[in-house]
Amino acid sequence: MLKVNRGDFLIKPFLKRNNIRASYQIISTIFPIFSIWLIVHQIINQPFSLLIKGFLLIPFIVLLTLFSSRTFSLMHDCGHNSLFTKRKLNRFFGFLLGLVNGIPQKSWSIDHAFHHRNNGNWEIYKGPIDVLSLEDYESLTKREQIFYKVSRNWMMLFPGGFFYLVLKPRLGLVIIIFNFIKDILEETFIKIKNREISQLLAINSRVKPPFSDYGDNFSELFELIINNIVVIIGWIFMCKWLGLVFFLSFYSVILTLSAAILICVFFVQHNYENAYAKNTKNWDLIDGAILGSSNLDIPNWLNWFLADISFHSIHHLSERIPNYNLRACHKANIHLLQQSKFLKLSDFSNCFKYIIWDNKNEKLIPIS
């Protein structure tokens, strides 16, 4: 296999960011979302039967789902500091875009940056669904193996999507508050018991519980709190405007479908037959980008809603390339991507079989 180096690629001309193009992308995403919600409000207030209203709302569910996916994709660019020219602009708009989908942008971006630093090293980063090694899988009981297989089935994209955007950011804050109070009470009790009253003001409570993505530091915790406050206030307003049951159910469906699309895309771009899946000793960052990231051959209109993340090998080669330059950069370097994986929509379902990492042979395999 011919080794391709980063220096072989033409990258530099495509790194230039443009605030006008970035602003247009934000406007062309947010304005339609507001417009669609106004149309939805008009439909539910018409004297139609529930059946007719439901039928009329279907295309708007699809549109809002797609625009929600695009919002997340643009937030992803802000996390890479690649949408706008200034870091502060990326942080500001990344935060606002995170509000649309109810997810704190900073915490998500930090976790995503870890993925970029270790893509293809399956000893350190085991994909979006935490793939087990073959040894770990074989050590499970029969019941645990069945649960593992079922929990990684493509159908779990939907409950997983609901949890990821609707519940997880709220649950993360609740868990942090619970652990914070619990640690304070435990340390207070110990200090009172030991007559160490003077030390009560020096309590240092762990902020981040071991199973949460949130609360690594104060700035992440602060954004998590602000995100939840603004999002919940927004939900209350929308419930009063559209009705409690309608909004919560309608919005939950949109976020669930949107998250399912994003998780699916992320999964198939790294879990597929013959994907680059090395251990630390044999891992190479450039090979991880080229051989461990699939490129999606999907319709242009769908690419627009995903902000061209389909050109994934180039994105992993340099995450600072703005999404509006990815396609051009991909085409300029297509001759160097002959070893990369290219997937069509019809290939997606096959990718969900590759949920075991054979750590000895360094490859992803299906469950036999």
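Residues numbered from 1 in each chain as written. Predicted model: local features only at pLDDT ≥ 70, side-chain atom pairs only at ≥ 80, totals over all residues. Heavy atoms only, no water.

## A short note on the overall build of the protein
Helix and strand content of the protein: 14 helices and five strands. For 368 residues, the compact-globule estimate of 2.2 N^0.38 gives 21 Å, and the protein sits close to it at 23 Å. Projected onto its principal axes, the C-alpha positions of the protein cover 65 × 65 × 50 Å. Considering only contacts within the protein whose residues lie at least 6 apart along the sequence, 75% involve residues at least 24 apart. In the protein, 38 positive and 26 negative side-chain charges are present, and the distance between their average locations comes to 7 Å. (Helix = DSSP H or I, 4+ residues; strand = E, 2+ residues; numbered from the N terminus. Rg over C-alpha atoms; globule rule 2.2 N^0.38 Å. Contact = heavy atoms within 4.5 Å. Lys, Arg positive; Asp, Glu negative; His and termini not counted. Charge placed at Lys NZ, Arg CZ, Asp CG, Glu CD.)

## Quick look at unusual backbone geometry
Even without glycine at this site, N81 takes up a positive phi of about 60 degrees. Here N81 lies in the loop between α2 (50-79) and α3 (87-101). The phi angle at D130 is positive, at roughly 55 degrees, despite the residue not being glycine. Position of D130 among the secondary structure elements: in the loop between α4 (105-118) and β1 (132-133). The exposure class assigned to D130 is partly exposed, which follows from its relative accessible area of 47%. (Buried < 20%, exposed > 50% of the residue type's maximum accessible area, 1.4 Å probe, protein only.)

## A short note on the pattern of salt bridges
Oppositely charged side chains can form a pair if their charged atoms are brought close together. All chains considered together, the criterion is met by five salt bridges. Across the salt bridge formed by E223 and R91, the nearest N and O atoms sit 2.9 Å from each other. With E223 in helix α8 (residues 218-242) and R91 in helix α3, this residue pair connects regions lying 132 residues apart in the sequence. Residue classification places R91 among the partly exposed positions, given a relative accessible area of 33%. (Salt bridge = Lys/Arg side-chain N within 4 Å of Asp/Glu carboxyl O.)

## Looking at the environment of Q46
With respect to the helices, strands and loops of the structure, Q46 is situated in the loop between α1 (19-44) and α2. For Q46, a relative accessible area of 30% corresponds to the partly exposed category. Within the structure, Q46 has its side chain in polar contact with the backbone oxygen of Q42 (distance 3.2 Å). (Polar contact = N/O pair within 3.5 Å; in protein donor to acceptor, adjacent residues only side chain to side chain.)

## A few points about the state of the cysteines
Applying the stated rule across the entire model yields zero disulfides. Cysteine C78 remains unbridged, with the sulfur of C329 as its closest cysteine sulfur at 20 Å. Residue C78 is classed as buried on the basis of its relative accessible area of 4%. (Disulfide = S-S within 2.5 Å.)

## Concerning a nonpolar patch on the surface
A contiguous nonpolar surface patch, about 560 Å² in accessible area, is contributed by F48, I52, F55, L56, I58 and V62. Mapped onto the fold, I52 is located in helix α2. (Patch = residues over 30% accessible without salt bridge, like charges linked within 9 Å, V, L, I, M, F, W, Y side chains within 5 Å. Areas by Shrake-Rupley, 256 points an atom, 1.4 Å probe, with all protein chains shown as cover.)

## With respect to the pairing of strand β5 (residues 363-366)
Of the pairings in the sheet, the one linking strand β4 (residues 354-358) to β5 comprises four bridges and is antiparallel in character. Note on β5: the bridge partner recorded for W357 is L364. Linking β4 to β5, which pair antiparallel, is a turn of four residues; within it E362 sits at a positive phi near 55 degrees. (Pairing = 2+ DSSP bridges.)

## Quick notes on the environment of N101
Inspection of the secondary structure puts N101 in helix α3. With 48 residues separating them along the chain, N101 and K53 place their C-alpha atoms 25 Å apart. Once residues within four sequence positions are removed from consideration, N101 is found in contact with S68, T71, F72, L165, Y251 and L255.

## What to know about the sheet that holds β5
Strand order in this open sheet of three strands is β1-β4-β5, and the pairing throughout is mixed. Looking along the sheet, the strands with just one partner apiece sit at the ends: β1 and β5. In terms of strand pairing, β1 meets β4 through two bridges, oriented parallel. Within β4, the residue paired with S133 across the bridge is W357.

## A word on the nonpolar core
Of all hydrophobic cores here, the largest spans 72 residues; its most connected members are W37, V40, L83, F247, F250 and V268. Looking at which element gives the most residues to this core, the answer is helix α9 (residues 244-268), with twelve residues. Those residues in contact with W37 that lie beyond four places of it in its chain are L64, M238, W241, L242, F247, F250, Y251 and I254. Among the nonpolar cores identified, the runner-up in size contains 16 residues, and F9, F14, I314 and L336 belong to it. (Core = buried A, V, L, I, M, F, W, Y, C linked by side-chain atoms within 4.5 Å.)

## Remarks on the environment of V174
Here V174 shows up in helix α7 (residues 157-193). In sequence terms V174 and G292 are 118 residues apart; their C-alpha atoms lie 36 Å from each other.

## Examining the packing of aromatic side chains
Considering all chains together, one arrives at 15 aromatic pairs under this definition. Centroid distance F72 to W108: 5.2 Å. Interplanar angle 85 degrees. Geometry classified as edge-to-face. Taken together, the positions of F72 in helix α2 and W108 in helix α4 put the pair 36 residues apart, joining distant regions of the chain. Take F72: its relative accessible area is 6%, and that puts it in the buried class. Classification of W108 as buried rests on a relative accessible area of 14%. Look at F84 and F93: their rings are 4.8 Å apart centre to centre, the planes differ by 15 degrees, and that puts the pair in the stacked class. Here F84 falls in the buried class, since its relative accessible area comes to 2%. Three or more aromatic residues link up through ring pairs in this structure, and these residues are W37, W235, F246, F247, F250 and Y251. Here R70 stacks its cationic end above the ring of W304, 3.8 Å away from the centre of that ring. (Phe/Tyr/Trp six-rings, centres within 6.5 Å; stacked < 30°, edge-to-face > 60°. Lys NZ or Arg CZ within 6 Å of the ring centre and 35° of its normal.)

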